[in-house]
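# Overview (structure and organization)
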Amino acid sequence: MEAIVGGFEGELKELREVFNSGKTREASWRRSQLQGILSLFKERESDILKALHQDLGKHHVEAYRDEIGTVMKSATYALGNLKKWMSSKRAKMPLASFPSSAKLVPEPLGVVLIISSWNFPFGLSFEPIIGAIAAGNAVILKPSELSPTCSSVLANTIRDYLDNSAIKVVEGGPLVGEKLLQHKFDKVFFTGGPRVGEVVMTAAAKFLTPVTLELGGKCPAVVDFISSSWDKKIAMKRIIWGKFGACGGQACIAIDYILTQKQFASTLVEMLQKYIKRSFGDNPMESHSIAKIVNKKHFSRLKELLDEPGVKSSIVYGGKSDEQNLFIEPTILLDPLLDSSIMTEEIFGPLLPIITLERIEDSVEFIRARPKPLAVYGFTNNENLKKKMISETSSGSITFNDAIIQYAADTLPFGGVGGSGFGRYHGKYSFENFSHEKAVMMRGYLIDFGFRYPPWNNKKLQLLKSGLRYDYFTLVLIKLGLKSKA
Amino acid sequence: MNADQEMRRSVEELRLTFKTGKTRTVGWRKAQLRAILRLIHENENTLFHLLQSELGKHPVESYRDEIGVVKKSVDHALNCIDQWMSPKKGRLPLVYFPASRQVLPEPLGVVLIIASWNFPIALTLDPLIGAISAGNTVVLKPSELSPNCASFLANILPSYLDPKAVKVIEGGREVSNQLLQYKWDKIFFTGSTKVGKIVMAAAANNLTPVTLELGGKCPAIFDFLPNSDLKVAAKRVASGKWGPCAGQAGIGIDYMLVEQKFASTVIEQLKKTIKRFYGDDAKNFKNLSKIINKGHFDRLRSFLEDSAVANCIVYGGSFDDTSLIIEPTILLDPPLDAEIMNEEIFGPLLPIITMDNIEESIEFINSKPKPLAIYAFTKNENFKKRILAETSSGSVTFNDTVIQFLCDELPFGGVGQSGIGRYHGKYSFDTFSHEKAVLERSFYFELEPWHPPWNNFKLQFLRLVYNYDYVGMLLLLLGLKRPSNS
């Protein structure tokens, strides 16, 4: 039940005043906030772990791996690179503009709004916050109400460790989001589903606010026939992680479905079953190593996916669920109907359809026929297949022989394309996402080319022609009257 | 088949062409770029005539601002495209070993370029160069306010460029609105802030990324300068106000800020410069473009309907209804709440606002939306620093005007109300590309601790991993470091 809230004018006014004062632009302020994030995670780790367990049933090691370790790594990376990122870069000027110099100066955008999702409430809040702070902005964070304990911990810890006049948290549901979006921000960074993404972008359009939309999609994993038993073992572990291991499959870069050859399918199913048991035991719910489904609504949604005709009959493993605990066990389906909801909507849960094809290369066409996902995965040692997948599919990213791990690489841009979103972040891309690179040109009065100005005549035209071509030799000749045409 | 169906069919054809992969080959892209070069070269005189008749542009101005710019842009793209298209390899932290990472640019797909009327050739072809270099198929929608240029492009482009990959669609607002309903992989828009909002709102329906090149009131700060520099500065100001399409330019100077005691000197010098450049025969101004149509002509005249504004005219002020030419006009200190000081002028009227101290100009500029460009004529290094640090704009140019437009290495775009995104040079290529992150891992080496079943050892290991503490990891693996109980 959402309380009726105010319009946030007061908060926004304060943020704008603080930004205008220049405080957030100081390198020292940015550093202190990034250090503050590190302290927050060091000192309040147990509160964070408790909240993630409460809202999502995440095992504390999974929580550390996916949200705590990653954020601390990113904050440290930002601290180490801040000076470099903040410095201006020289740009080359053509000789024709001599004497001149040019540079690119990064500057903060101003007051930014970050809307994060419920599946990785800490990671998806702090990764953008790190970028926004490093770039010198003031921030308002709106975490998801679907992970309320986490949202509350976010509000409290940010209040305790970061500069409240410049970084604020606003908790609440869609009504709060709507009210916030009625205001003008200098940037909106949104992680979530496409439907709300559209609402966000439409609201931003009223103010010409630039947006980054980190959406999802059906991330396919092409699993080729693998001969070596060592490779098979590693691949299975990584596939299982990629599907079930990150928030129980409720992740934008989780493997959504698998594509494999017909001949390999039964081996694959067998191996997946074996390694599911190895990772989670015979009773996965008891292992407490798989996150639960976030709420009843999503639980029902997932159950309904399984209940469709042509889908239910394709279940080859798992399928059991526990409504009280909001738990669904790892479930494998073999060739459900292609036009069923489970094959047309983003699953966002621990249900793994395997689609079989005559040849593994057909997977490329299969993927291309569908909206561009956030990630494409390929488990194969076949270099040609890799090349084909890279050049003939389009996605935010493509990863071979592993899954999810691209999220932790500071040097890889993280973002979607087409239906999976636009804009990107992580590492320096986070800094750039929240910055404006101002082009600065400095000229002098020493040299002034008369042919830039009217009154016009043919000689000036010829001089301009050679000038714009950087054909300085001809330019000189024309000037000296030794040549008449450029 | 009605107009909508026909347009949809054209767009469908572009999508099919893109799917064939033809536009991705470097051979195709270079062939198209060379064709643009030939088009300009073989039709130069026709273009001069068109721009002169439609906009009153003198051939030298047309060359300087449009034809020469496009030529330079294509040459630059042809020189650099191999480099732009190549994947960028990079480093990953050691924990990922063995792995390789690259960032690979790929085309977005089918893109829509909507151009404005003031530089009808440059604003269609320059973005087109970017879209083609990046490997996309394109719909060009030139402005109906420069219909002859639009027709010319519609007729001539199919004989130079691949008609299955680049199409020109002519028409007015209805056509634009229709086009905006379709699903594009990118929309590139040059025009007014008002229409920019409409474009972005329409793009939101399909979650289409946009680049908006808008305008704004670009100020010129004019500090005290010694006489010799003053003369050159005045030429550059005149060139930046009345030079590009008689002030109808996004980066044209909109208004000027000058110190009270210096104002008359500056005005005198400007008057001399105007007379030299354009003559003072009210019936026959030379080298000056006309206003695009009656609507805009009347709009500009209405700025002066307020007598409080009209009384501030210190030079010029004559309007010729037949030729649609407005004399270069200077106004001294019009009321700050008048329309002319709050809307983008986009015409040859130059308000000069005086202040006691030139440093007040910073606050003045900050009280208005962020412009596309800020110009500052000053030799005071401290003042320059303040301008850079305390104002925000697409770009800043010291001691010159408009010239930043010519530099291939500088990004060209706005911030805040002056726009989203940027182009020119490599930035054009980037704006029409998606940079896909490619991560290749191998099966050789596996860091066990990533996956469940969970235990303390794995948690400890993960802590060390995120700290890139390789020594610690090694010690832990060798059993020389005990996992702490956390």
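These numbers come from a predicted model, not from an experiment. (Residues numbered from 1 in each chain as written. Chains lettered and ligands numbered in written order. Predicted model: local features only at pLDDT ≥ 70, side-chain atom pairs only at ≥ 80, totals over all residues. Heavy atoms only, no water.)

## Overview of the interface of chain A and chain B
Facing the 107 residues of chain A at the interface are 104 residues of chain B. Interface area, chain A with chain B, both sides summed: about 8900 Å², of which 60% is carbon and sulfur. Summed over the three residues of chain A that lose the most area to chain B, namely Leu-208, Tyr-445 and Trp-456 of chain A, the buried surface amounts to 11% of that side. Applying the counting rule to chain A against chain B returns 10 salt bridges. A salt bridge links Arg-441 of chain B to Asp-402 of chain A, with the nearest nitrogen and oxygen atoms 2.9 Å apart. One can count 53 residue pairs in polar contact (both at pLDDT 80 or more) joining chain A with chain B. As defined by bridge partners, strand E16 (residues 397–400) of chain A adjoins strand E18 (residues 433–441) of chain B across four bridges and the pair is classed as parallel. Within the sheet, the bridge partner assigned to Phe-400 of chain A lies in E18 of chain B and is Glu-440 of chain B. (Contact = heavy atoms within 4.5 Å. Buried area = accessible area lost by both parts, 1.4 Å probe. Salt bridge = Lys/Arg side-chain N within 4 Å of Asp/Glu carboxyl O. Polar contact = N/O pair within 3.5 Å; in protein donor to acceptor, adjacent residues only side chain to side chain. Pairing = 2+ DSSP bridges. Helix = DSSP H or I, 4+ residues; strand = E, 2+ residues; numbered from the N terminus.)

## Some details on the pairing of E18 of chain B
Residue and element names in this part refer to chain B. With respect to burial, E18 is a largely interior element, nine of its nine residues being buried. Side-chain alternation along E18 places Ser-433, Glu-435, Ala-437, Leu-439 and Arg-441 on one buried face and His-434, Lys-436, Val-438 and Glu-440 on a second face that is also buried. As judged from the nine bridges shared by strand E2 (residues 99–107) and E18, these two strands associate in the antiparallel manner. Across the sheet, Pro-105 pairs through a bridge with Glu-435, a residue of E18. (Buried < 20%, exposed > 50% of the residue type's maximum accessible area, 1.4 Å probe, protein only.)

## Quick look at the state of the cysteines
All names here are of chain A. If you walk through the whole model with that rule in mind, you get zero disulfides over all chains. No disulfide involves Cys-252; its nearest neighbouring cysteine sulfur is the one of Cys-219, lying 7.3 Å away. Its relative accessible area of 15% is what places Cys-252 among the buried residues. (Disulfide = S-S within 2.5 Å.)

## Side note on the nonpolar core
Core analysis: the largest hydrophobic core is formed by 116 residues, its most contacted members being Ile-37, Phe-41, Phe-126, Ile-258, Leu-272 and Phe-379 of chain A. Per element, the largest residue contribution to this core is 11 residues, and it comes from helix H4 (residues 60–86) of chain A. Leaving out residues up to four positions away in the same chain, Phe-126 of chain A has contacts with Ile-37, Leu-40, Phe-41, Val-71, Leu-154, Ile-158 and Leu-162 of chain A. In terms of nonpolar packing, the next biggest core, distinct from the first, is built from 103 residues, Leu-55, Leu-270, Ile-274 and Phe-429 of chain B among them. (Core = buried A, V, L, I, M, F, W, Y, C linked by side-chain atoms within 4.5 Å.)

## Here's the deal with the pattern of salt bridges
Opposite charge on two side chains permits pairing when their charged atoms draw close. A complete count under the given rule lists 57 salt bridges over all chains for this structure. Put simply, Asp-400 of chain B and Arg-443 of chain A hold a salt bridge, and the shortest N to O gap is 2.8 Å. Here the residue Asp-400 of chain B occupies a position in the loop between strand E16 (395–398) and strand E17 (419–420), and Arg-443 of chain A occupies one in strand E18 (residues 435–443), the pair thus bridging two chains. Owing to a relative accessible area of 0%, Asp-400 of chain B belongs among the buried residues under this scheme. Note on Arg-443 of chain A: relative accessible area 7%, which makes it buried.

## Considerations on the packing of aromatic side chains
Residues and elements named next belong to chain B. Enumeration over the complete set of coordinates arrives at 28 aromatic pairs over all chains. Between the aromatic rings of Tyr-182 and Trp-184, the centroid separation amounts to 6.3 Å while the plane-to-plane angle is 35°, which identifies the pairing as tilted. Judged by relative accessible area, Tyr-182 falls into the buried class, the value being 4%. Relative to Phe-377, the ring of Phe-222 lies with its centre 5.5 Å away and its plane at 25°, an arrangement referred to as stacked. Here Phe-377 lies in strand E15 (residues 373–377) and Phe-222 lies in strand E8 (residues 219–222), a separation of 155 residues in the sequence. Note on accessibility: Phe-222 and Phe-377 belong to one class, buried. (Phe/Tyr/Trp six-rings, centres within 6.5 Å; stacked < 30°, edge-to-face > 60°.)

## Re the sheet that holds strand E13 (residues 331–334) of chain A
In spatial order, the strands read E10(A)-E13(A)-E14(A)-E9(A)-E8(A)-E15(A)-E16(A)-E18(B)-E2(B)-E1(B); together these 10 strands make up an open sheet with mixed pairing. Bordering the open sheet on either side are strand E10 (315–317) of chain A together with strand E1 (88–90) of chain B, each of which pairs with just one other strand. Ignoring which end each strand starts from, the neighbouring axes of this sheet average 25° apart. Here E13 of chain A pairs with strand E14 (residues 351–357) of chain A via four bridges, running parallel. When the bridges of E14 of chain A are listed, Ile-332 of chain A appears paired with Leu-352 of chain A. (Axes fitted to C-alpha atoms, helices over the stretch in contact; angles between N-to-C directions.)

## Description of helix H7 (residues 173–181) of chain B
Residue and element names in this part refer to chain B. For H7, the set of buried residues is Val-175, Ser-176, Leu-179 and Leu-180. The arc that holds the buried residues of H7, viewed along the axis, is 135°, so those residues lie on one side. Across from the buried face of H7, at angles greater than 90 degrees, the exposed residues are Arg-173, Glu-174 and Gln-181. The inward-facing, buried residues of H7 abut helix H1 (3–20), strand E3 (110–114), strand E4 (137–141), strand E6 (186–190) and helix H8 (193–204). (Arc of directions from axis to C-beta.)

## Thoughts on the side chain of Ser-125 of chain A
Residue and element names in this part refer to chain A. Structurally, Ser-125 can be placed in helix H5 (residues 123–134). A polar side-chain atom of Ser-125 sits 2.8 Å from a polar atom in the side chain of Ser-116. Here Ser-125 is in contact with Ile-114, Ser-116, Phe-120, Leu-141 and Leu-154, once residues within four sequence places are set aside.

## Notes on the environment of Met-7 of chain B
Residues and elements named next belong to chain B. For Met-7, the position within the fold is in helix H1. Exposure remark for Met-7: the relative accessible area of 9% places this residue in the buried category. The spatial distance from the C-alpha of Met-7 to the C-alpha of Glu-106 is 26 Å, given a sequence separation of 99 residues. Beyond its immediate sequence surroundings of up to four residues, Met-7 is in contact with Ile-169, Val-175, Gln-178, Leu-179 and Tyr-182.

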